[in-house]
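The residues making up each chain are set out below.
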Protein chains: 2
Amino acid sequence: MAAIGRPRGFDRDTALEAAMLLFWRKGFAATSMSDLCDAMGISSPSLYAAFGSKEALYLEAVEYYVRTIGPPVWDKLAEGATARAGIEKLLIAWTESLPKSRATPAGCMALLAAVGDEWPATIVRVVKKVRLEMLGALRSRLETAVAKGELPASTDIDGLSRFYLSVFQGMAVQAKDGATPAELRAVAAAAMTAWPGDG
Amino acid sequence: MAAIGRPRGFDRDTALEAAMLLFWRKGFAATSMSDLCDAMGISSPSLYAAFGSKEALYLEAVEYYVRTIGPPVWDKLAEGATARAGIEKLLIAWTESLPKSRATPAGCMALLAAVGDEWPATIVRVVKKVRLEMLGALRSRLETAVAKGELPASTDIDGLSRFYLSVFQGMAVQAKDGATPAELRAVAAAAMTAWPGDG
DNA sequence: CCATTTCTGTATCGATCGACACATAACCAT
DNA sequence: ATGGTTATGTGTCGATCGATACAGAAATGG
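Residues numbered from 1 in each chain as written. Chains lettered and ligands numbered in written order. Predicted model: local features only at pLDDT ≥ 70, side-chain atom pairs only at ≥ 80, totals over all residues. Heavy atoms only, no water.

Caption draft 1: Quick look at the pattern of salt bridges. Going through the model one piece at a time under the given rule, you end up with 17 salt bridges over all chains. Salt-bridge contacts for B:Arg162 lead to A:Glu183; the nearest nitrogen and oxygen are separated by 3.3 Å. A residue pair is termed interchain when its members come from two chains, as with B:Arg162 in helix 9 (residues 157-176) and A:Glu183 in helix 10 (residues 181-192). Take A:Glu183: its relative accessible area is 24%, and that puts it in the partly exposed class. Notably, a salt bridge pairs B:Glu60 with B:Arg12, separated by 2.8 Å at the nearest N-O pair. Within this pair, whereas B:Glu60 is found in helix 4 (residues 54-68), its partner B:Arg12 is found in helix 1 (residues 12-26), the two being separated by 48 residues in sequence. Residue B:Arg12 is classed as partly exposed on the basis of its relative accessible area of 25%. Taken together, the salt bridges that share partners define one network made up of A:Glu118, B:Arg25, B:Lys26 and B:Asp35. (Salt bridge = Lys/Arg side-chain N within 4 Å of Asp/Glu carboxyl O. Helix = DSSP H or I, 4+ residues; strand = E, 2+ residues; numbered from the N terminus. Buried < 20%, exposed > 50% of the residue type's maximum accessible area, 1.4 Å probe, protein only.)

Caption draft 2: View of the protein's contact with DNA strand C. Around DNA strand C, the structure places 22 residues, and the nearest of them are A:Met33, A:Tyr48, A:Lys54, B:Arg6 and B:Gly9. If you look at DNA strand C and keep only atoms within 4 Å of the protein, 73% of those are sugar or phosphate atoms. Here a phosphate oxygen of DNA strand C and a backbone polar atom of A:Met33 are 2.7 Å apart. The separation between a sugar or linking oxygen of DNA strand C and a polar main-chain atom of B:Arg6 is 3.2 Å. Elements with a contribution of two residues or more to the surface near DNA strand C: helix 3 (44-51) of chain A together with helix 3 (44-51) of chain B. Partitioning the surface near DNA strand C into residue classes produces nine nonpolar, nine polar and four charged. (Near = heavy atom within 4 Å. Polar contact = N/O pair within 3.5 Å; in protein donor to acceptor, adjacent residues only side chain to side chain. Nonpolar A, V, L, I, M, F, W, Y, C, P; charged D, E, K, R; others polar.)

Caption draft 3: Local environment of the nonpolar core. Counting residues in each nonpolar core, the largest one holds 143 residues, and the members touching the most others are A:Leu91, A:Phe163, A:Tyr164, B:Leu91, B:Phe163 and B:Tyr164. Ignoring sequence-local partners within four residues, the contact set of A:Phe163 consists of A:Ala191, A:Ala194, B:Phe163, B:Val167, B:Val187, B:Ala190 and B:Ala191. (Core = buried A, V, L, I, M, F, W, Y, C linked by side-chain atoms within 4.5 Å. Contact = heavy atoms within 4.5 Å.)

Caption draft 4: Geometry of the relation of the copies chain B and chain A. By a simple turn and slide, chain B fits onto chain A: the slide is 0.0 Å along the axis, the RMSD is 0.1 Å, and the turn is 180°. In the structure described here, the two chain copies are related by an operation that fits a two-fold rotation axis. A shared interface surface links the copies, since 100% of the contact residues of chain B are contact residues in chain A too. (Least-squares fit on C-alpha atoms with pLDDT ≥ 70 in both.)

Caption draft 5: Expanded view of the interface of chain B and chain A. If you look at the interface, chain B gives 41 residues, while chain A gives 41 residues. Across the contact surface, chain B and chain A share 20 residue pairs in polar contact (both at pLDDT 80 or more). Those elements giving two or more residues to the side of chain B that touches chain A turn out to be helix 1, helix 7 (109-112), helix 8 (121-147), helix 9 and helix 10 (181-192) of chain B. Top element by residues in the side of chain B that touches chain A is helix 9 of chain B. It accounts for 13 residues.

Caption draft 6: Broad picture of the packing of aromatic side chains. One pass over the full model with this rule turns up 23 aromatic pairs over all chains. Plain terms: the ring middles of B:Phe23 and B:Phe28 are 6.0 Å apart, the flat faces sit at 20° to each other, and that makes the pair stacked. Since its relative accessible area comes to 9%, B:Phe28 is described here as buried. Here the aromatic rings of B:Phe28 and B:Trp119 are separated by 6.0 Å at their centres, their planes lie at 35°, and the arrangement is tilted. Note that B:Phe28 is positioned in the loop between helix 1 and helix 2 (33-40) and B:Trp119 in the loop between helix 7 and helix 8, a separation of 91 residues in sequence. For the pair B:Phe28 and B:Trp119, one class covers both residues: buried. Site record: aromatic cluster; members linked through ring pairs are A:Phe163, A:Tyr164, A:Trp195, B:Phe163, B:Tyr164 and B:Trp195. (Phe/Tyr/Trp six-rings, centres within 6.5 Å; stacked < 30°, edge-to-face > 60°.)

This is the structure:
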């Protein structure tokens, strides 16, 4: 863009990250413009000039979340020699990522936007797409496993991927509820015993 | 109470049920007093006279939910000869109860109040207690199973009950997301393969 | 009948919501 | 310097939020 006119007095990404953390913790409706302005350190007109609206800001915050928070965790799925190892690594990564930490709120932002209060339709649609991508990532890994012979061809791939998505979502809810990493690890361990062929 | 004064022009329980269904579907913040008055068929002052406040009405709605919606499903846990059968019946009951039906919204009201937007502290505390009761019901059934020798004494009861709670919560999220009963049944089937000793 | 009590509808309260008008300040090109 | 362009802060907009004041209506007890 043109470097013309008065330059912006704040860093856009820094402000966006502050908005993401606030939205993540409090949700959409419960986060007011006033809250956002305080957290981002800017005034209302600056926010509107830079992001358009509260709703547009939320959508950008989700995008930022998917871009920065998701990959370090979901990359685990591709690691490990087998799909089983990948899923296990992913589960462990969740137990570390989902509880509230010094830097981030508890739970999964893309999940929290699905449940609870009714949200603007545009947001619901976008976060739903994100959740479908999670399901797709799981299914894709399982399909590869079947193709490689790690799992029998009769495996219910859709059901199994949906099952692990369920476990993830349940863990996210419990994390939001204050569950400790140790408690989540017990859930992950139980979930791994559902791997086909184990006993 | 005294039968003195002008009698109430509406049935309290009927109005409460209407409020519950609306809160269940839309959440707390997204449900306005105006919405409630429309759904309950009464005016704002009547609502305040009968229920006190929006927050008090929500608390009564949760109580009503726990009293009327919960038991038909959770009673399944006690049915069946073994804990395994009880859990399986419970999972199946969820797959039928969680999706949106003609009469009820999707998901679990007590769960939805945990996630998403920030809710009033009193409500958070009450619904958290409800979720702890769910966990307690599962754990209690598993303890009985260990006592009866259905499960080895080394069973991680806390982890296993938390695991099945996770599955339930994940199923509730996916139900809210529009998952079909068939898709939820696949999740339930996968979850049952995690039963200790199966394989 | 009247007095008392309780419920109901209209109309509205102050607070807060998201969003913006406006004037001013800070930068670039010329 | 000067005009063009964009960002900033103050102040405020209409709408909506949850919650009531008030007066009239409907019941009971005398």
